[in-house]
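Below, each chain spelled out in residue letters.
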Amino acid sequence: MSSLVKVFILGLIAAAVFLYLALLTLIIRFSLSPKRLPYFISPGMMGLPQRDVELRTQDGVNLRAWWSQHPEPKGVVLLTHGYIMNRSEMSPVGAWFFGRGYSMLALDFRAHGRSGGNRTTLGYIERFDVLAAVEWIRQECPGLPLVVVGSSMGAAAAAMAMGYENAPIDALVLDSAYSRLDYAILGWWRFLGGKTLETMLYPSVWIGGLIMPFKLREADVANALAMRPETPTLILHGDCDDLATPSEAKRNQEAAANGTLVWFDRCGHSEGRMIHPERYFGALGEFLKQHGLPVG
């Protein structure tokens, strides 16, 4: 093989690698600025009072939320949604709490819904969004117990707000939470395209680590839970979840000294409340009762 041919082949390989890495970078940047979905359900649609409120985080992002004030509140529930979703996602769970005497705040994270910001960090910096919502609730409803219920990314953000920022949360419900962000990124590709896509896009973890303004391993839900071991924590997880795997749920449970793990048979990511609503709400009711929180 002539030296010219070798140079040509090496050039093709270098070009292919460059294009592959460039494509991965574009995919990651697109993923961190997701398309905003329209709302699909709201507290008002379910017969609850509904008021639009605006919050501001300590890093200057304006957030939007729905506030449903109970006429005789016994507690407050804060609802935090998953990646790509918006405050509609957890509104039905809020309606269940409202029926048991809770006022409800359903939050849009930054870069989602109608909140400000154009980039998500999949839960790590969103902890400041949760913190802003918790502080707003504490000012609006001083003295009432506060339960935070999060789905996926929202669950991770809530745990990190509680642990890293010491947000004054009385009880935490983690629905399909990941355990560490680098696991979650690979889990997202696996969720979309199975092991083949996960393998193809594996270097996205390294590229994401260069793009994100923090080390991915710092976004560690289990570590955050271990910082507040006394806080009652309910972990709800599907045993077939291929995005946030069952092993991640177990890791979170091991870190939460006051934690309870409830499995949902043959359920994938965030499917438990959809497929087994009676079991889901039953677990919520039992958790609240066990820890002396209002249940109606």
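Below: a short report on this structure. Positions within a chain are numbered from 1, following the residues in the order the chain's sequence is written. Local features in a predicted model are, by the rule used here, given only for residues with pLDDT of at least 70; side-chain atom pairs are given and counted only at 80 or more, and totals for whole chains, interfaces and linings are based on all residues. Side-chain calculation: all heavy atoms of the structure are included, whereas hydrogens and water are not.

### Comments concerning helix H3 (residues 127-140)
With 14 residues, H3 should reach 20 Å at 1.5 Å per residue; the first-to-last C-alpha distance of 20 Å fits that figure. For each residue, the accessible area found with a 1.4 Å probe, counting protein chains only, is set against the maximum for its type, and the residue is called buried under 20%, exposed over 50%, and partly exposed in between. Here a strand is any run of E in DSSP of at least two residues, a helix any run of H or I of at least four, and the numbering for each starts at the N terminus. For H3, the tally of buried residues reaches ten of 14 residues, placing the bulk of the element in the interior. By the burial criterion, the buried members of H3 are Arg127, Phe128, Asp129, Val130, Leu131, Ala132, Ala133, Val134, Trp136 and Ile137. In this structure, the buried side of H3 is in contact with strand E1 (51-56), strand E2 (62-68), strand E3 (75-80), strand E4 (102-107), strand E5 (146-151) and helix H4 (153-164). What a helix should span is 1.5 Å times the count of its residues minus one. Contacts between residues were defined by any pair of non-hydrogen atoms, one from each residue, lying within 4.5 Å.

### Here's the deal with the pattern of salt bridges
Every case where a carboxyl oxygen of Asp or Glu lies within 4 Å of a side-chain nitrogen of Lys or Arg is listed as a salt bridge. Summed over all chains, the structure comprises 16 salt bridges. Between Asp59 and Arg110 there is a salt bridge, with the nearest N and O atoms lying 2.8 Å from each other. Taken together, the positions of Asp59 in the loop between E1 and E2 and Arg110 in the loop between E4 and H3 put the pair 51 residues apart, joining distant regions of the chain. Between Asp182 and Arg180 there is a salt bridge, with its nearest N and O atoms 2.9 Å apart. The same class applies to Asp182 as to Arg180, namely buried. Within the structure, one salt-bridge network assembled from shared partners comprises Asp52, Arg64, Arg87 and Asp108.

### Things to note about the side chain of Asp182
Residue placement: Asp182 occurs in helix H5 (residues 181-200). On the accessibility criterion, Asp182 (9% relative accessible area) is buried. Polar contacts, as counted here, are pairs of nitrogen or oxygen atoms within 3.5 Å of one another; within protein the pair requires one atom able to donate a hydrogen and one able to accept it, and residues that are adjacent in sequence qualify only if both atoms are side-chain atoms. Among the polar contacts made by the side chain of Asp182, one reaches the side chain of Arg180 at a distance of 2.9 Å. Discounting chain neighbours no more than four positions away, the residues touching Asp182 are Val205, Leu216 and Arg217.

### A short note on H5
Across its 20 residues, H5 extends only 18 Å between first and last C-alpha, which sits more than 12% below the 28 Å expected from 1.5 Å per residue. Axes are fitted to the seven residues ending at a residue and to the seven starting at it; the angle between these axes is taken as the bend at that residue. Helix geometry: H5 is bent most strongly at Gly193, by close to 135 degrees. Buried within H5 are the following residues: Leu181, Asp182, Ala184, Ile185, Leu186, Gly187, Trp189, Arg190 and Glu198.

Nothing here speaks to function; it is all geometry.
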